[in-house]
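Chain by chain, the residues run as shown.
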Amino acid sequence: MNLDEYFAKQEKKDTYMVESQYCVGCGRCKMSCPENAIKKINGISFIQQDVCMGCGRCIEVCPHGAIVKTKA
């Protein structure tokens, strides 16, 4: 994959973020992530955008609606 293809792929992927006020730190999102892109910081999940592949598994398993899609 050349740089143009890489950046085109990055621009099209969905991105997700954790709304910390709703996160209870249960870790379901972290366990569901195939890329290990979710870390817990001070008991709250954080999605590393440079690692996330945009699959959306985290948003599907969050029982509190703490994860939101930020880009289509």
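Below, the structure is looked at part by part.

Cut-offs applied
- All chains use their own residue numbering, which begins from 1 and follows the written sequence.
- Only residues with pLDDT of at least 70 are given local features in this predicted model, and only at 80 or more are side-chain atom pairs given and counted; all residues enter the totals for whole chains, interfaces and linings.
- Processing note: side-chain calculations cover all non-hydrogen atoms of the structure and skip hydrogens and water entirely.
- Definitions used for this entry: grid spacing 1 Å over protein atoms alone; cavity, a set of points where a 1.4 Å probe fits but cannot get out; pocket, an open set with protein on both sides within 12 Å along at least 5 of 7 lines; lining residue, one with an atom within 4 Å of a point.
- Grid points are joined across faces, edges and corners, and a volume is the space filled by probe spheres set on the points.
- When residues are grouped by polarity, Ala, Val, Leu, Ile, Met, Phe, Trp, Tyr, Cys and Pro land in nonpolar, Asp, Glu, Lys and Arg in charged, and all others, Gly among them, in polar.
- Only runs of H or I of at least four residues qualify as helices and only runs of E of at least two qualify as strands under DSSP, and these elements are numbered from the N terminus.
- A simple rule labels every residue: compare its accessible area, found with a 1.4 Å probe on the protein chains alone, to the largest value its type can have, and call it buried under 20%, exposed over 50%, or partly exposed in between.
- A contact between two residues is defined here by any heavy atoms of the two lying within 4.5 Å.
- Each reported salt bridge corresponds to a side-chain nitrogen of Lys or Arg within 4 Å of a carboxyl oxygen of Asp or Glu.

Below, the discussion takes up empty space enclosed by the protein. Per the counting criterion, the structure on display carries 2 cavities of 30 Å³ or more. Counted as a void, the largest cavity has a volume near 90 Å³. Around the largest cavity sit 14 residues that line it, and C23, C26, C29, S45 and C62 are the ones nearest its centre. A per-class count over the lining of the largest cavity returns 9 nonpolar, 4 polar and 1 charged. In this structure, the second largest cavity encloses a volume near 70 Å³. C33, C52, C55, G56 and C58 are, among the 13 residues lining the second largest cavity, the residues nearest its centre.

With that settled, the discussion passes to the environment of Q48. Within the fold, Q48 resides in the loop between β3 (44-47) and α3 (57-61). Since its relative accessible area comes to 23%, Q48 is described here as partly exposed. Put simply, Q48 and E35 are 13 residues apart on the chain and 10.0 Å apart in space, counted from C-alpha to C-alpha. Contact partners of Q48, with chain neighbours within four places excluded, come to N36, A37, I38 and K39.

Opposite charge on two side chains lets them pair, provided their charged atoms get close. Under the criterion given, the structure shown has 1 salt bridge. In this structure, D14 and K69 form a salt bridge, with 3.5 Å as the shortest nitrogen-oxygen distance. Taken together, the residues span a long stretch of sequence, with D14 in the loop between α1 (3-12) and β1 (15-18) and K69 in strand β4 (residues 67-71) at a distance of 55 residues.

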